[in-house]
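The primary structure of each chain is shown beneath.
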Protein chains: 4
Amino acid sequence: MLKVSEIRPIKISKGLKVSDLIHEYGKAGVFGAGRVSRAVEILSEMFSDDKATVYLGFSGALCAAGMRQIFAEMIKEGLLDVIVTTGANVTHDIIEALGGRHIRNIKYLDDEDLRRRQLNRIFDAFISDEAFITFEKKIQMILSDIEEKKRKNGIAPFELIWEIGYRINDPNSMVRQAALNNVPIFCPAIVDSILGLQIYLFSQENTIKIDPLKDLRKIIDITFESDRKGAIILGGGVPKNFIFQAALITGKGFDYAIQITMDRPEAGGLSGASIAEAISWGKVKSDAQWVDVIGDVTIIFPLILSAALDNMGKGKGSTR
Amino acid sequence: MLKVSEIRPIKISKGLKVSDLIHEYGKAGVFGAGRVSRAVEILSEMFSDDKATVYLGFSGALCAAGMRQIFAEMIKEGLLDVIVTTGANVTHDIIEALGGRHIRNIKYLDDEDLRRRQLNRIFDAFISDEAFITFEKKIQMILSDIEEKKRKNGIAPFELIWEIGYRINDPNSMVRQAALNNVPIFCPAIVDSILGLQIYLFSQENTIKIDPLKDLRKIIDITFESDRKGAIILGGGVPKNFIFQAALITGKGFDYAIQITMDRPEAGGLSGASIAEAISWGKVKSDAQWVDVIGDVTIIFPLILSAALDNMGKGKGSTR
Amino acid sequence: MLKVSEIRPIKISKGLKVSDLIHEYGKAGVFGAGRVSRAVEILSEMFSDDKATVYLGFSGALCAAGMRQIFAEMIKEGLLDVIVTTGANVTHDIIEALGGRHIRNIKYLDDEDLRRRQLNRIFDAFISDEAFITFEKKIQMILSDIEEKKRKNGIAPFELIWEIGYRINDPNSMVRQAALNNVPIFCPAIVDSILGLQIYLFSQENTIKIDPLKDLRKIIDITFESDRKGAIILGGGVPKNFIFQAALITGKGFDYAIQITMDRPEAGGLSGASIAEAISWGKVKSDAQWVDVIGDVTIIFPLILSAALDNMGKGKGSTR
Amino acid sequence: MLKVSEIRPIKISKGLKVSDLIHEYGKAGVFGAGRVSRAVEILSEMFSDDKATVYLGFSGALCAAGMRQIFAEMIKEGLLDVIVTTGANVTHDIIEALGGRHIRNIKYLDDEDLRRRQLNRIFDAFISDEAFITFEKKIQMILSDIEEKKRKNGIAPFELIWEIGYRINDPNSMVRQAALNNVPIFCPAIVDSILGLQIYLFSQENTIKIDPLKDLRKIIDITFESDRKGAIILGGGVPKNFIFQAALITGKGFDYAIQITMDRPEAGGLSGASIAEAISWGKVKSDAQWVDVIGDVTIIFPLILSAALDNMGKGKGSTR
């Protein structure tokens, strides 16, 4: 338990390392700074715990916003055992892997102007219709390259994502690295994405069935077999719930949990709910180490991750 | 287009009708009040447009929070043609239909205390483990009552929800009314919910396959066939995206759209994105009538709906 | 204390009165709807309690957004005893009283475009430079019309606002009604506003001193003499703190408090702090009736006020 | 102007310096990460511009949360020319300077429990009644030590704060460093704070007058005389407005502006307003460099400041 202590002043100087900055946050230990400092401690422990299976859930357009390689590297380094994300993030990772690009600093009059220029907006990121056309061509080829028996039988979203991963070459792709390293990317709502629309188009003239129960079965099995478990929740939505419900049904709550979100709890949705609420459900253990950080994931997660890596004495062993 | 005009003062007195209050909001016409007033106008037009197919997408724990009957009534009144929601909302609607209850005003020490008392928290709403046990028994019976051929073949989430709707008796149930009135409730992420977990348990000893591509095909077909379209988006997540992507793939943007959310746009996630952004994608037409209202759905939606009903001269014909 | 009870369904139909809608919110009793319902109960009790001095604190550009007449009417009806607000709200009320207008639905390219057109933006409300020029001329005349002895001696912001109120004719002006009804409008940061800038300009060639300690002394005196007290806090900032610190120094916490804000608590600022926090300071009594509503004041306050007026059996007597 | 470019991937590794992390943010350049990167660029330029007067405005309980020494150091380093803040921040800085401490990690049942234990809560920071009693004794002594002529005449808040600064010894105090370095801390709402309440108590038996017009005059004079100007806005409220209105009345808009806040714009209050809005008023120049960062100041400001210090080739000369 945290000890009662004084709030000590933060000092900022030239040349700080990220881990020094986090140390300063920890001296204050309150408000957002205190939470970031606590998140680094928890993430470091989660990564250093050889018995802990680490689950990453993320929603929001993170792969469009330049964050995909972080996840790819985390997989390569053996830091992640399970990923749950949206079809959109899988789509945007594949688009980049296939040579498409997300762009920025576009000047525009209004969204109608963008439509005329065939540019699709994701807040202040943009992607051209052309990138989607390239994606379409290549993904249709990849889908037809998957063994028909697998497609016919009902393919799990995580298996489909692996199949795609085997067939793309970009080492900076999260999807590629997940396939190479046998890390499942669960995507229970895969049909709810551009990738899903491509699967639909493919299914118009070819055989393919998506079996989301296989994703559910697989995550439950992993959860049953895990001694200890840590959750990294970036944003809310399906990824957050899918990770926590695996803990619910197995009766094995999480031992570690960090959540980074801008959503707020009062409106009652799961996305904004505090990790504390998950304790009432048994999704997180009463004596778990957990923290909610209120902030933009693209700022907070790289900051926390960088400091947690510094804190780790040595590499984490395989946990699967 | 809205005309340049003076901001006129809001007047509040005893005995106001909801539609009077909205009229006052409209006199000011700015900030949140202006947006609510605009939402009522758009919703009224959407409901009155006989050619418009009306899509409702909602996420967040609305069915746990007493909002399910509103949706049931809207279906009965012929106001809704398509619903997209989360598995959790379907679950909580069914729980109530089967006699389970959500409760409030529980005093508790912390979430650990709630766990000991077998109470699960949804912000300030609660549901007992017992309600889930009742749900389990009845839903397992319902699932085994569904024709095996349907289950084996791969059942669409919307069909499964209809099958359940046929087998429950509560006229205040959204799921029941959807089944009776042939309104599809799409739930592409159905496995991501307590209902999903029950399907998984059922699948351990019985045959059942979920085919989410059928949900996608059905919503695309409806969208192709619709002359005009209106979207009511309450919260974000999968429901918002699934509705808008049907417009994307069919090349037929929405004519009307209102969105109510507490999420903010700057973090880049779809849930907080303005409807304006959807114009750049062609999901909403450039000349559509649309508005974003920032607020708690449980406050704002009943307020807007009540006033929109007052505005409607006559009932809306069937649009399917 | 609130009793444990079921969450009952909200029903919405044509022709609802605002108080009917609030009754429906109360049946659910959770999330935002529950808080709005609770706020109406508390506001009704606060208004009906003949011994209660009612304090209104508001920040944000409410007078620019068409809300000033609500406050003017509340003063006339004897519902308010003390007001604390920003200099901006006093300024915008006076501007309207002097014939200036706030406008809306302006189309513009960007804020540079607005500057060229001499239009000042307040989110989606606008005011022309011309309105400020009119304000300048008239307010300088009013200031010079105030007895020099008063100005020389150090005038309290609340006295200065009364002096202005005596000299404007608009019955819909909050400032006018406050003067006529002897309700102080405290404005401890009056120099932080366009009105403050006008006082500064006046002071360049005339004698005027602002004595904010007189505002502080007056609110403390009123607080000492009040048997019971209710606070309506719309937004945060100086108005919220100035009301609560009067309770702190007199050792007499508030008996009723409602707060409506979009700010969130985690960042640690007073504006987003829950009313609960004020209990730790003794600013609000432990057994007080209080609620925080998360929402846009221009939507929530007229809604709550309208229903509270309906709930009141009879008029409230003078409380000062 | 920013050039259209690709969003490049962020890479995170062990041992990163804060400035490396910011460089990674800049490669993505969108969402929150892009804004933080831009804020560092602007802050670096602002600090490096010898002709620029730098204004810091901050609200929220930053001095209670361990941030005071950052401001003290910035003053010592010559990075700040003007400070505008709340009375609360001045109070909490002085409390620490006089030996009082803010504390954290207190376990408590509820806010009533805290009241019984005489602990005052500021979100997750706490301060005992005892610390305020110590503050009272010492501040009363300091006030009586100020020359009576000054007190009688009407003392500007900034002068009063200097007078206090001369009489406390803590080199880590923002108030102390401001006095030593001749940097005005404007506090137009000084009576709205515990320090203000102490001034009130002092005034019961002693002569003291607060003249906030002197704060206004001084900031206007500085603004008139400044060739170029930069604003650092942390949170909103009076500090933000007081800084920008000085630009308004002098007709000299800001050349640089960064704002860090969790408030949102849609509710119309100034605190949540984008810097863009200030361009319509002429408070910020059309061609200014500016950015809004959405986030918790205690996380974001140390991060940005640290990187900006790294970016500065050489020290900034005196700007006043």
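As shown above, the structure is provided for reference.
First, a word on what this report is: a plain description of the structure on this page.

Side note on the interface of chain D and chain A
Move 1: Counting residues at the interface gives 55 residues for chain D, matched by 55 residues for chain A.
Move 2: Of all the secondary structure elements, the ones that give two or more residues to the side of chain D that touches chain A are strand 1 (5–6), helix 1 (18–28), helix 2 (31–48), helix 3 (68–76), strand 4 (103–104) and helix 14 (297–311) of chain D.
Move 3: If one sorts the elements of the side of chain D that touches chain A by residue count, helix 14 of chain D sits on top with eight residues.
Move 4: Class assignment for the residues of the side of chain D that touches chain A results in 27 nonpolar, 14 polar and 14 charged.
Move 5: Across two bridges, strand 1 (residues 5–6) of chain A lies against strand 4 of chain D in antiparallel orientation. Looking at strand 4 of chain D, one finds that A:S5 is bridged to D:R104.

Re the relation of the copies chain A and chain C
Each of the two copies of the chain can be brought onto the other by a rotation about an axis and a shift along it.
Move 1: Each copy superposes on the other: chain A lies on chain C with an RMSD of 0.0 Å after a rotation of 180° and an axial shift of 0.0 Å. The two molecules are tied by a two-fold rotation axis, judged by turn and shift.
Move 2: Interface overlap between copies is the fraction of interface residues in one copy that are interface residues in the other; for chain A against chain C it reaches 88%, indicating a shared surface.

Quick word on the sheet that holds strand 4 (residues 103–104) of chain B
Move 1: Read across the sheet, four strands follow the order 5(B)-6(B)-4(B)-1(C) without closing on themselves; strand pairing throughout is antiparallel. Only two strands of the sheet have a single neighbouring strand rather than two, namely strand 5 (119–122) of chain B together with strand 1 (5–6) of chain C.

Observations concerning the relation of the copies chain D and chain A
Move 1: Of the two same-sequence chains, chain D is brought onto chain A (RMSD 0.0 Å, axial shift 0.0 Å) by a rotation of 180°.
Move 2: Here 100% of the contact residues of chain D are again contact residues in chain A; the copies associate through an equivalent surface.

Concerning the pairing of strand 9 (residues 254–261) of chain A
Residue and element names in this part refer to chain A.
Move 1: Most of strand 9 is tucked away, with eight of its eight residues classed as buried.
Move 2: Note that strand 8 (residues 228–234) and strand 9 share five bridges and pair parallel. Following the sheet pairing, A231 is matched in strand 9 by A257.
Move 3: Crossover strand 8 to strand 9 through helix 12 (residues 237–250) is right-handed.
Move 4: In this structure, strand 9 lies alongside strand 10 (residues 284–294), joined through seven bridges in parallel fashion. Following the sheet pairing, F254 is matched in strand 10 by V284.

Some words on the sheet that holds strand 7 (residues 185–186) of chain C
Residues and elements named next belong to chain C.
Move 1: Read from one edge of the open sheet, six strands run 7-3-2-8-9-10, paired in parallel fashion. One side of each edge strand has no neighbouring strand; the edge strands of this open sheet are strand 7 and strand 10 (284–294).
Move 2: Contacts between helix 2 (residues 31–48) and the sheet are confined to strand 2 (52–58), strand 8 (228–234), strand 9 (254–261) and strand 10, with strand 10 contributing the most and set at about 130° to the helix.
Move 3: The sheet strands contacting helix 14 (residues 297–311) are strand 8, strand 9 and strand 10, and the helix crosses strand 9 at an angle near 140°.

Some remarks on the packing of helix 4 (residues 87–97) of chain B against helix 10 (residues 194–205) of chain B
All names here are of chain B.
Move 1: Packing of helix 4 against helix 10 leaves a shortest axis separation of 7 Å and a crossing angle of 85°. Accordingly, the angle class assigned to the pair helix 4 and helix 10 is roughly perpendicular. Seen from helix 4, the contacting residues are G87, V90, T91 and I94; seen from helix 10, they are I194, L195 and G196.
Move 2: When grouped by side-chain class, the residues that make up the contact of helix 4 with helix 10 number four nonpolar, three polar and no charged.

Calculation rules
Residues numbered from 1 in each chain as written. Chains lettered and ligands numbered in written order. Predicted model: local features only at pLDDT ≥ 70, side-chain atom pairs only at ≥ 80, totals over all residues. Contact = placed C-beta atoms within 7 Å. Helix = DSSP H or I, 4+ residues; strand = E, 2+ residues; numbered from the N terminus. Nonpolar A, V, L, I, M, F, W, Y, C, P; charged D, E, K, R; others polar. Pairing = 2+ DSSP bridges. Least-squares fit on C-alpha atoms with pLDDT ≥ 70 in both. Buried ≥ 20, exposed ≤ 12 C-beta atoms within 10 Å, placed from the backbone. Right-handed = clockwise from strand over helix to strand, strands pointing away. Axes fitted to C-alpha atoms, helices over the stretch in contact; angles between N-to-C directions. Parallel < 35°, antiparallel > 145°, perpendicular 65-115°, else oblique.

These results come straight from atomic positions and should not be treated as a statement about function.
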